Amino acid sequence: MKKGCLFAAGALLVLFLVGAGSVVYLVARVQAPRVERGSYVEIRIGGSIPEYVLDDGLFGGRPVTMRDIADVLDWAGDDERVQGVVLRIEPLGIGWAKMQEIRDHIDEVKTKGKDVVAFLEAGDDGEYYLASAANKVFMAPMGNLGMDGLAVDVEFYRGLLDKVGVEYDGVHVGEFKSAPEQYSNTKMSDPARLQYEALLDGLFEGYVTAISASRKLPRDKVRELIDQGPFQATAAKEKGLVDELMYWDEFEEWVKNTSPNE
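Quick notes on the rules
- Residues numbered from 1 in each chain as written.
- Predicted model: local features only at pLDDT ≥ 70, side-chain atom pairs only at ≥ 80, totals over all residues.
- Heavy atoms only, no water.
- Helix = DSSP H or I, 4+ residues; strand = E, 2+ residues; numbered from the N terminus.
- Buried < 20%, exposed > 50% of the residue type's maximum accessible area, 1.4 Å probe, protein only.
- Areas by Shrake-Rupley, 256 points an atom, 1.4 Å probe, with all protein chains shown as cover.
- Core = buried A, V, L, I, M, F, W, Y, C linked by side-chain atoms within 4.5 Å.
- Contact = heavy atoms within 4.5 Å.
- Axes fitted to C-alpha atoms, helices over the stretch in contact; angles between N-to-C directions.
- Parallel < 35°, antiparallel > 145°, perpendicular 65-115°, else oblique.
- Left-handed = near helix turned anticlockwise from the far one by under 90°.
- Nonpolar A, V, L, I, M, F, W, Y, C, P; charged D, E, K, R; others polar.
- Polar contact = N/O pair within 3.5 Å; in protein donor to acceptor, adjacent residues only side chain to side chain.
- pLDDT = per-residue confidence, 0-100.
- Expected span 1.5 Å × (residues − 1).

## Things to note about the overall build of the protein chain
Here comes step 1: Helices and strands together make up the secondary structure of the protein chain, namely nine helices and 10 strands.
Here comes step 2: Burial statistics for the protein chain: of 262 residues in total, 43% are counted as buried.
Here comes step 3: Accessible area for the protein chain stands at about 14200 Å²; split by element, carbon and sulfur atoms hold 51% of it.

And the structure:
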C-alpha cells in the first residue's frame, strides 16, 4: 500500500481516496498537487457557506466559501488524474439559491465523465437535494431522511413591540410590499401569503424535477414520496431514494476498493 501525502497550505481540506488504497489530503488552491491517477476527491459540504471572506479569522483559519467549492469541483472535473468525487453532505445552513449553484457544479462534474458519490449521516430536503445529484447515494444505517417538502417561516414582532411599548411607524406603499409586515402585523397578509406560495411552488417544482431526473423516478412518484416522508434509512433505501446503507468507515473502504460504476 502506498503512503499518503499531506499538503498544508490554504483553508479548504479535500481528501483523496486513491484506488490503490492510499489516502492523500489536498488543500484547495495548492499549486500542482501530487495526485495519482484514479484518485477520488472528498469534499465536505455543510454549515453556513459564505460567498467570500475578506481575510482569515481571529486564529488564522477561514470558513469554506462558495468560491472554494466551485473551484475544487471545477478542478476535479477537469483534472485527468481524478476519477471521481465523494460528497460528504453535512447539515446545511444555506439558502436554496446556494444549493442550486452547488448542484449545478456537481452536474458539470458528472457531464465531464467523472463518478460522483454522496454520503449522508442524515439529512433534510436541502441535504438530500445536493446528495441526489450524485450517481450513488449512501446513508448511515441509523440515519433519517427528513424529506417532507418545503416551507417558509416568517417571524412577526408586532406583539412583542406592543408588550414593550414600542410603536412601529412606517409607510406601506403597494399591495405586495410586505417586508414591513413583520413589525406592523401579527400575522401574514393575504398578498404576502400569495407571494410566498408562488415562490415555494417554483422551488418545489425544481426540487421534484431534480430528484426525478437524478434518481430516475417519475415526477408523480417523487411527489408521493415527499408526502410520505420523512423516512428512516432502511425505508429510504427501499423507496429508491438511497442506494446503500453504510457507516463512514465502511464507505471509505468501498470508495477505495470499488468503482462507483460497478
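Text resumes after the structure shown.
## Focus on unusual backbone geometry
Here comes step 1: For the peptide bond that leads from Gly229 to Pro230, omega is 5°, which places it in the cis range.
Here comes step 2: The residue Pro230 is located in the loop between helix H7 (219–228) and strand S9 (231–232) in this model.
Here comes step 3: Here the phi dihedral of Lys216 falls at roughly 55°; this positive angle occurs in a residue that is not glycine.
Here comes step 4: Inspection of the secondary structure assignment puts Lys216 in the loop between helix H6 (190–215) and H7.

## A few points about the nonpolar core
Here comes step 1: Membership of the largest hydrophobic core comes to 47 residues, with the highest contact counts inside it found for Ile45, Leu87, Ile102, Met147, Tyr207 and Leu241.
Here comes step 2: For Leu87, the contacting residues outside a window of four places in its chain are Ile43, Ile45, Leu73, Ile106, Val116, Val117, Ala118, Phe119 and Leu130.
Here comes step 3: Counting 11 residues, the second-largest nonpolar core is a separate cluster that includes Tyr40, Val117, Phe138 and Trp254.

## Examining the packing of helix H2 (residues 96–111) against H6
Here comes step 1: Between H2 and H6, the least distance of the axes is 12 Å, while the angle of their chain directions is 25°. Judged by the inter-axis angle, H2 sits roughly parallel to H6. The chirality of how H2 crosses H6 is left-handed. Contacts between H2 and H6 pair Trp96, Gln100 and Arg103 from the former with Leu203, Tyr207, Ala210 and Ser214 from the latter.
Here comes step 2: A class-by-class count of the residues in the contact of H2 with H6 yields four nonpolar, two polar and one charged.

## With respect to the environment of Arg81
Here comes step 1: In this structure, Arg81 sits in the loop between helix H1 (66–78) and strand S4 (82–92).
Here comes step 2: A distance of 2.6 Å separates polar atoms of two side chains, one belonging to Arg81 and the other to Asp79.

## Structural notes on the confidence of the model for the protein chain
Here comes step 1: Residues with a pLDDT of 70 or more make up 83% of the protein chain, whose mean pLDDT is 83.
Here comes step 2: Between residues 1–32, whose pLDDT stays under 50, and residues either more than four places distant or in other chains, the model counts 87 contacts.

## Let's talk about H6
Here comes step 1: In this model H6 runs 37 Å from its N-terminal to its C-terminal C-alpha over 26 residues, within 8% of the 38 Å that 1.5 Å per residue would give.
Here comes step 2: Among all positions of H6, only Pro191, Ala192, Leu200, Phe204, Tyr207, Val208, Ala210, Ile211, Ser212, Ser214 and Arg215 are buried.
Here comes step 3: The positive-phi residue at the C-terminal boundary of H6 is Lys216, with phi of around 55°.

## Details of the packing of H6 against H7
Here comes step 1: Put simply, H6 and H7 touch, their axes get as near as 9 Å, and they point 115° apart. As summarised for this structure, H6 and H7 are arranged roughly perpendicular, according to the angle between their axes. The handedness of the crossing between H6 and H7 is right-handed. Where H6 abuts H7, its residues Phe204, Glu205, Tyr207, Val208, Thr209, Ile211 and Ser212 lie against Arg219, Val222, Arg223 and Ile226.
Here comes step 2: The residue inventory of the contact of H6 with H7, partitioned by class, reads six nonpolar, two polar and three charged.

## A short note on the side chain of Ser132
Here comes step 1: If you trace the backbone, Ser132 turns up in the loop between helix H3 (125–131) and strand S7 (136–139).
Here comes step 2: Dropping the residues within four chain positions of it, Ser132 is found in contact with Arg103, Val137, Ile211, Ser214 and Arg215.

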